[in-house]
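In case you want the letters, here they are:
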Number of protein chains: 2
Amino acid sequence: MKRTASTGIGVAVCMAMVVGMAAPEAFGQDTRRRRGAGQEVRPVDLTPEQVAQLTKVANDRRLNVDDLLAAAKTFMPSGRHDEYVLFSSGGQSGQVFAIGVPSMRLLRSIAVFTPESWQGYGFAGDNDPVLESLKINGRLVSWGDTHHPALSETKGEYDGDWLFIGDKANARVAVIDLRDWETKQIVKNPLTVSDHGAAFVTPNTEYVIEGGQYATVLGYGYAPPEEYQKHYRGMVTLWKFDRVRGRIDEANSFALELPPYWQDLADAGKGPSDGWIFINSFNVEMAAGGVERGNPPFEAGASKRDMDYLHIIDWRKAEAAFKAGKAKAINGFPVLMLDTLIADGIMYFAPEPKSPHGVDVTPNGQYMIVAGKLDPHVTVYSIDKIKAAIAGKKHSTKDAYGVPVLDFDAVVEAQVELGLGPLHTQFDDKGYAYTSLFLDSAVARWTLGGEYASMHKQTPWKLVTKTPVQYNIGHLAAAEGDTVSPDGKYLISMSKWAVDRFLTTGPLLPQNFQLLDISEGGTTMPVIYDMPLGVGEPHYAQMIKADKLKSWKVYPEIGWNPHTQRLDPRAPKKGDEGVTRDGSRVLVKMTAVRSHFFPEHVEVNEGDVVTWRITAIESAQDATHGFCIGGYNINLSLEPGEFVEFTFTADRPGTYPFYCTEFCSALHLEMMGYLHVKPRSLGGGE
Amino acid sequence: MKRTASTGIGVAVCMAMVVGMAAPEAFGQDTRRRRGAGQEVRPVDLTPEQVAQLTKVANDRRLNVDDLLAAAKTFMPSGRHDEYVLFSSGGQSGQVFAIGVPSMRLLRSIAVFTPESWQGYGFAGDNDPVLESLKINGRLVSWGDTHHPALSETKGEYDGDWLFIGDKANARVAVIDLRDWETKQIVKNPLTVSDHGAAFVTPNTEYVIEGGQYATVLGYGYAPPEEYQKHYRGMVTLWKFDRVRGRIDEANSFALELPPYWQDLADAGKGPSDGWIFINSFNVEMAAGGVERGNPPFEAGASKRDMDYLHIIDWRKAEAAFKAGKAKAINGFPVLMLDTLIADGIMYFAPEPKSPHGVDVTPNGQYMIVAGKLDPHVTVYSIDKIKAAIAGKKHSTKDAYGVPVLDFDAVVEAQVELGLGPLHTQFDDKGYAYTSLFLDSAVARWTLGGEYASMHKQTPWKLVTKTPVQYNIGHLAAAEGDTVSPDGKYLISMSKWAVDRFLTTGPLLPQNFQLLDISEGGTTMPVIYDMPLGVGEPHYAQMIKADKLKSWKVYPEIGWNPHTQRLDPRAPKKGDEGVTRDGSRVLVKMTAVRSHFFPEHVEVNEGDVVTWRITAIESAQDATHGFCIGGYNINLSLEPGEFVEFTFTADRPGTYPFYCTEFCSALHLEMMGYLHVKPRSLGGGE
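Residues numbered from 1 in each chain as written. Chains lettered and ligands numbered in written order. Predicted model: local features only at pLDDT ≥ 70, side-chain atom pairs only at ≥ 80, totals over all residues. Heavy atoms only, no water.

Draft legend 1. Structural context of the sheet that holds strand S7 (residues 157–167) of chain A. Residue and element names in this part refer to chain A. Taken in spatial order, the four strands line up as S6-S7-S8-S9 in an open sheet, and their pairing is antiparallel. Lying at the two open borders of the sheet, with one neighbouring strand each, are strand S6 (146–154) and strand S9 (182–188). Averaged over neighbouring strand pairs, the angle between their axes works out to 25° when direction is ignored. Taken together, the six bridges between strand S8 (residues 172–177) and S9 define a ladder with antiparallel strand orientation. Note on S9: the bridge partner recorded for Ile176 is Thr183. (Pairing = 2+ DSSP bridges. Helix = DSSP H or I, 4+ residues; strand = E, 2+ residues; numbered from the N terminus. Axes fitted to C-alpha atoms, helices over the stretch in contact; angles between N-to-C directions.)

Below you can see the structure in the form of structure tokens.
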């Protein structure tokens, strides 16, 4: 038997490994051409043999022709990129998920409100800026309930720069930078505990809208339930977005006091309705629950009246009032009170069929579609009629708090009967609207009126077809569906229950994102893919054309600080590495490069406060390292060029391996070192 | 304009909603037949029109015939279930991911070492049992680096009962119950800080094997790097598994002291090799690094010698020695020291080509395949030869610690040249082995010898073909690939770098799980699917036939405690609800059912310690509720029948909405209530 692992080959392989790994970009075009059969673009002209081959696979797997077509419409050959990215909320996961369309593959989770270790998000020792930003009144609230993502817009088009998302559970709004797909800012609403109508943006992202939901005593106040109508209030907050800084400008943000109805979803006007914000509400009954006292439960008490109120808000007037100093400070935050909203003509109500969910502005800005879950119709409001009604003072009643209620007949353009449980509406490029029907478990396609009639050439304001989905669809998302120019093509049914759709994963099941092909129009609208979503329970999503994104492949310079999005002067450079001490404070300057850390040993004393800086000296795409210290709850993701600093107290003596947690090369397992914490009993820390 | 949301319809819809939602099982068979075109089983016989239709889609999307075939082999019609489940480690995410094969859809994340809010894992207030189980020496270590999942086995077959997985970063092992897919136990290794070779099981799951990796001073001790050879040690721990209790039995577990080489992957023998454990190692050089002192870095220092040591351990002899009281306590844990291992003939070494990664036992238990990443061959050891060499004392040398080293020529059956960077090997039902080639970025198929030669009827111990993958494959996983009877059919290439394969998701990219169709044998082995994995960086996975799983659809009884897996007498029953007080301790007994909590108001005083019990009174599959309290960092997942108790101090006054965080019905938004924390200033908490 010959020993084959002899020096010659070993060294040659070792060299190939180390050198070869330094240029992974070389994997690009060449290998793709060589490997990716799917990259060929010669037209297919199926031979009888190929048809027979395909037929055999279909019969072996019990697929029918529709299945083969659906498969061909969604399959992505190796290396081919999806056409759209769906940015989906993650619900109680607290995150955002990015999904490729039409393949419906989960491309990445973006950590927002919940620490996620593989991204190094929230595991950078004491005073981690992520954890600090998640604190509410001094308490770490390390999860969120993300609901409605909003892509930043320029002239009503998604511009691919920023993504905003709200945390219903804790009334927070996050800002994600779509260059590096990382959360950059989290703002806590100082008025309310939880929200719902976040986030929505105005057509040039002047403001990020955060609507409330469950009324409370604004500013984290207290009042017993008996004082609900007197002391509880709703609110909507307009967060000013500063594009240059890429941050919400809290100092120039303000809120509006609203009656204690439960405000639901919102949308900003565009085109003729630009300058307006529309917010649904329910529980205008102001039911305060109390099933334990023999009262009707909220589910019944909040559904008694036929009509709730659509809130119609002139945000430019509101901004003017705020700038004119008319806001009152609550918990230090400026709030335009109801009397100001009424006196300045900032807000009007319009009746809307009971317990609506979505209010959605058509791409041309002309109509607002309200879908009331307890009414089988959608109700269409016209901005022209709304403006005329306001100008003509067509508000014969006021609500209990004095807000003028526009006459229903004066503002409504149409009502369209669709089916049971309509919730939310999206649009395409052919003049159709699409509404989710929760109880019917279906997507309805229907015709818009006005200028859209010339596009579809069918009877306006009329149901065209319904496609059944499985099951209980909440929101739906169409390609570029919230912009002034939707793309059509694809629509996602965000189905809430999966029941029998997938293998049983214990009592906790995934959701089901179903892809509908809406390219044909008319009565054709097949479901072509079922995607289980077993990482959270998404609510809403937006779908952007992938080529609008300007994602960074690596950080622009070596030593980049993602928190500040600039080069950090503290980032250790090659040659600067070392460990220095000032009393019991230790500073570690480290670099990371395939396949070692420098230094490899860090010796400290028990009780030392250690500040540790690492620069990933890599510029090749995907050459990511990790860095963890066992037992110390520290894990970083060191993406190419990234600089990270963390601080911790070396309070547990012993010898702790640190290592690279991302498989970075064939010698990845060797990319490690030791933190030696000398115990006090052996003279450490004296 | 007629107001359509009038009482009649509203009430009818409302009733339909509430009643209809109470029986979601009704969605099952009927709707599937009506909706799921893919459920038809009539043989496909494509008409010319259908072929033309398919060809048009293919050409529109630039698909070739191979793409169409791959699409047809992987597409799952709506409602059709995958044939296999791949349980994959989640790497630095700390979790386990369950993926359906062949559709490669992520079915569910199972939270293990990292709190995950959508599952309600680690967000149950103070003293949450999950967070308690994650503490190490009193510090919460709320993430893990999961590497190697191991399905429980009976007679060498996956039995579908349990799943084990190790945390490399913190040397922990978790036990997951595959009835409800939840983590039930986490044990911390008391000897070492980090591990690697976990988890692997013996053929009847007698023991769960946790091998180490980076040597340290056992028992969390300290020694400076100069004393590496003297005081640092490796280890392997054998955790006894108690099937009846479904828990690791720590009191009957023990460890073996090993030299300070870096032990890597392990495997348990089966059939003729049952009773043996095999563990690879590298850095037998005992390089201690120190690039900062001018020493070679670990990556070079640990790769100098041609040969490392395969550790060959007789676990039944070890168990006998442990039971005979020969173990020494280190940090309270019994350890069989090296001198005992040598004296009792418990451990032998065999030379293995340098820096190996995987050691994999063939299904018949006859051979151990070692893949050394710096050697282009795999080396095949024979259990018969090993036994004969031990019996015949064919160990002409010892290592530095006195362990007998079996003569290489005496124990090796074959060496097979495959290519650059072989790492890990899997098996099929045709006598082939499959080895990942990290540097070649390829999967190699090669022939086994011995009794396997009659299966494939080709030259044994010989490369058959290689399929390129994209890129840098680490582990691979074949259907039932670690059992005594692999299934063939499917193999997953766990490719580590994605570079250009998917849309750029910022500097942090997903991994790429590539599905290979291995059903044909010979030189045919195409990649048929690329799955991005953007939720962590998996290392190893095991693939089980889905029909072996015995997953619960709902909890067996209303009031079930998943931590104990039995009915909990504390679970509130319908009619028991209420709030009681004993001094400053408040007990809340609550039920949750579509669509309300009972009670809806909970009034406490600032500073009260609140114990809150909730029973989900639901028995329909997928009728899951959530429960959160805004600002208090509490979120539960209340699966059908589940009981949860949590405790917290009401230290922040105010009025806090609680609500259901899982979209459970059309009146889901109304499923809420208020926690009123009366401030001390208003007489609360006095």
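Draft legend 2. Representation of the relation of the copies chain B and chain A in the model. When chain B is brought onto chain A, the operation consists of a screw motion whose angular component is 180° and whose axial shift is 0.0 Å, with 0.0 Å RMSD remaining. Here the symmetry operator amounts to a two-fold rotation axis. Scanning chain B for the C-alpha nearest the rotation axis identifies Ala71 of chain B, at a separation of 2.7 Å. Most of the interface of chain B is mirrored in chain A, where 100% of its interface residues again form contacts. (Least-squares fit on C-alpha atoms with pLDDT ≥ 70 in both. Contact = heavy atoms within 4.5 Å.)

Draft legend 3. Spatial organisation of the packing of aromatic side chains. Tallying each qualifying case throughout the model produces 78 aromatic pairs over all chains. Taking 5.6 Å as the distance between ring centres and 85° as the angle between the ring planes, the aromatic pair formed by Trp612 of chain B and Phe658 of chain B counts as edge-to-face. With Trp612 of chain B in strand S41 (residues 609–616) and Phe658 of chain B in strand S45 (residues 654–659), this residue pair connects regions lying 46 residues apart in the sequence. Through a chain of ring-to-ring contacts, the aromatic side chains of Tyr220 of chain A together with Phe597, Trp612, Phe627, Tyr632, Phe646, Phe648, Tyr656 and Phe658 of chain B assemble into a single cluster. Just above the ring of Phe282 of chain A sits the side chain of Lys373 of chain A; from NZ or CZ to the centre is 4.8 Å. The ring centre of Tyr207 of chain B lies 4.8 Å from the NZ or CZ of Lys240 of chain B, which sits over that ring. (Phe/Tyr/Trp six-rings, centres within 6.5 Å; stacked < 30°, edge-to-face > 60°. Lys NZ or Arg CZ within 6 Å of the ring centre and 35° of its normal.)

Draft legend 4. Focus on the packing of helix H3 (residues 48–60) of chain A against helix H4 (residues 65–74) of chain B. Remark: H3 of chain A packs on H4 of chain B, axes separated minimally by 9 Å, with the N-to-C direction vectors making an angle of 10°. Taken together, the axis directions place H3 of chain A and H4 of chain B in an arrangement best described as roughly parallel. Crossing of H3 of chain A over H4 of chain B shows right-handed handedness. Contact residues: Gln50, Gln53, Leu54 and Val57 of chain A in H3 of chain A; Val65, Leu68, Leu69, Ala72 and Lys73 of chain B in H4 of chain B. (Parallel < 35°, antiparallel > 145°, perpendicular 65-115°, else oblique. Left-handed = near helix turned anticlockwise from the far one by under 90°.)

Draft legend 5. Representation of the confidence of the model for chain A in the model. Residues and elements named next belong to chain A. Residue-level pLDDT values for chain A average 93, and 94% of them are 70 or greater. Low pLDDT (under 50) marks residues 1–40, which in the prediction has 85 contacts with non-local residues, meaning those over four places away or in another chain. Overall fold confidence (pTM) sits at 0.96, and the ipTM for the predicted complex is 0.95. (pLDDT = per-residue confidence, 0-100.)

Draft legend 6. Expanded view of the packing of helix H4 (residues 65–74) of chain A against H4 of chain B. Where H4 of chain A meets H4 of chain B, the axes come as close as 9 Å, and the angle between the chain directions of the two elements is 115°. In the packing of H4 of chain A onto H4 of chain B, the handedness of the crossing is right-handed. Contact residues: H4 of chain A offers Leu68, Ala71 and Ala72 of chain A, while H4 of chain B offers Leu68, Ala71 and Ala72 of chain B. Split into classes, the residues belonging to the contact of H4 of chain A with H4 of chain B amount to six nonpolar, no polar and no charged. (Nonpolar A, V, L, I, M, F, W, Y, C, P; charged D, E, K, R; others polar.)

Draft legend 7. A look at the interface of chain B and chain A. Of the residues lining the interface, 227 residues belong to chain B; the matching set on chain A comes to 229 residues. The junction of chain B with chain A conceals about 20,100 Å² of combined surface from both sides, 61% of it contributed by carbon and sulfur atoms. Among the residues chain B hides against chain A, the three largest losses belong to Tyr222, Trp497 and Pro507 of chain B. Together they make up 4% of the total. In this structure, the connection of chain B to chain A is made through six salt bridges. (Buried area = accessible area lost by both parts, 1.4 Å probe. Salt bridge = Lys/Arg side-chain N within 4 Å of Asp/Glu carboxyl O.)

Draft legend 8. Looking closely at the environment of Thr55 of chain B. For Thr55 of chain B, the position within the fold is in helix H3 (residues 48–60). Overall, the relative accessible area of 13% leaves Thr55 of chain B in the buried class. Put simply, Thr55 of chain B and Leu68 of chain B are 13 residues apart on the chain and 9.5 Å apart in space, counted from C-alpha to C-alpha. If sequence neighbours within four positions are ignored, Thr55 of chain B has contacts with Val44 and Leu46 of chain A. (Buried < 20%, exposed > 50% of the residue type's maximum accessible area, 1.4 Å probe, protein only.)

Draft legend 9. Region of the structure containing the pattern of salt bridges. Considering all chains together, one arrives at 73 salt bridges over all chains under this definition. We note a salt bridge from Asp274 of chain A to Arg316 of chain A, for which the minimum N-O separation is 3.5 Å. In this pair, Asp274 of chain A is assigned in the loop between strand S14 (262–268) and strand S15 (276–282) and Arg316 of chain A in helix H8 (residues 315–323), connecting sequence segments 42 residues apart. Judged by relative accessible area, which is 27%, Asp274 of chain A ranks as partly exposed. A salt bridge links Lys466 of chain B to Asp440 of chain B; the nearest nitrogen and oxygen atoms lie 2.9 Å apart. Of this pair, Lys466 of chain B sits in strand S29 (residues 463–468) while Asp440 of chain B sits in the loop between strand S27 (432–437) and strand S28 (442–447), placing them 26 residues apart in sequence. Given a relative accessible area of 34%, Lys466 of chain B falls into the partly exposed group. One network of salt bridges, with partners in common, ties together Asp159, Asp161, Arg243 and Lys550 of chain A.

Draft legend 10. Quick look at unusual backbone geometry. A cis amide bond links Arg594 of chain A to the next residue, Ser595 of chain A, at an omega of 0°. Take Ser595 of chain A: it is sitting in the loop between strand S38 (585–593) and strand S39 (596–598). One non-glycine residue, Tyr220 of chain A, adopts positive backbone phi at about 65°. Accessibility expressed as a relative area gives 16% for Tyr220 of chain A, which makes it buried. Phi at Ser355 of chain B is positive, roughly 50°, even though this residue is not glycine. Relative to the elements of secondary structure, Ser355 of chain B occurs in the loop between strand S19 (347–353) and strand S20 (356–361).

Draft legend 11. Structural detail: the environment of Glu83 of chain A. Residues and elements named next belong to chain A. In this structure, Glu83 sits in the loop between H4 and strand S1 (84–89). Residues Glu83 and Ile544, spaced 461 residues apart in sequence, show a C-alpha to C-alpha distance of 8.8 Å. With residues near it in sequence (within four places) discarded, Glu83 still touches Val101, Pro102, Lys489, Tyr490, Ile544, Lys545 and Ala546. A polar atom in the side chain of Glu83 sits 2.7 Å from the side chain of Lys489. (Polar contact = N/O pair within 3.5 Å; in protein donor to acceptor, adjacent residues only side chain to side chain.)

Draft legend 12. Up close: the side chain of Gln119 of chain A. When you line up the elements, Gln119 of chain A lands in the loop between strand S3 (105–110) and helix H5 (129–133). One polar contact links the side chain of Gln119 of chain A to the main-chain carbonyl oxygen of Ser109 of chain A, over a distance of 2.8 Å.

Draft legend 13. How the structure looks around H3 of chain A. In this model H3 of chain A runs 18 Å from its N-terminal to its C-terminal C-alpha over 13 residues, within 8% of the 18 Å that 1.5 Å per residue would give. Restricting attention to buried positions, one finds in H3 of chain A the residues Val51, Leu54, Thr55, Val57 and Ala58 of chain A. Around the axis of H3 of chain A, the buried residues are gathered within 160° of arc, so they sit on the same side. When the buried face of H3 of chain A is taken as reference, the exposed residues oriented beyond 90 degrees from it are Glu49, Lys56 and Asp60 of chain A. Residues of H3 of chain A that are buried in the fold lie against H4 of chain A together with H3 and H4 of chain B. Residue Arg62 of chain A follows H3 of chain A closely and has a positive phi angle near 55°. (Expected span 1.5 Å × (residues − 1). Arc of directions from axis to C-beta.)

Draft legend 14. A look at the pairing of strand S33 (residues 527–533) of chain A. Residues and elements named next belong to chain A. Burial within S33 is extensive, with six of its seven residues counted as buried. Relative to S33, strand S32 (residues 511–517) runs antiparallel, the two being bridged by six bridges. The partner of Leu515 across the bridge, within S33, is Tyr529.

Draft legend 15. Layout of the sheet that holds strand S25 (residues 412–417) of chain B. Residues and elements named next belong to chain B. As summarised here, the arrangement of the four strands in space is S20-S21-S22-S25, forming an open sheet in which the pairing is antiparallel. Looking at strand neighbours, the two that pair on one side only are S20 and S25, the edges of this open sheet. Between one strand axis and the next, the sheet turns through 20° on average, direction left out of account. Looking at chain direction, S20 and strand S21 (residues 367–372) are connected through five bridges and run antiparallel. Paired with Asp360 across the two strands is Ile369, which belongs to S21. The strands touched by helix H10 (residues 383–391) within the sheet are S21, strand S22 (377–382) and S25, with S22 carrying the most contacts at an inclination of about 60°.

Draft legend 16. Region of the structure containing H4 of chain B. Of all ten residues making up H4 of chain B, nine are buried, and the element is well covered by its neighbours. Burial in H4 of chain B covers these residues: Val65, Asp67, Leu68, Leu69, Ala70, Ala71, Ala72, Lys73 and Thr74 of chain B. The secondary structure elements touched by the buried residues of H4 of chain B are H3 and H4 of chain A together with H3, strand S31 (488–495), strand S32 (511–517) and strand S33 (527–533) of chain B. In this structure Asn64 of chain B caps H4 of chain B, since a side-chain oxygen of it lies 3.1 Å from the backbone nitrogen of Asp66 of chain B.

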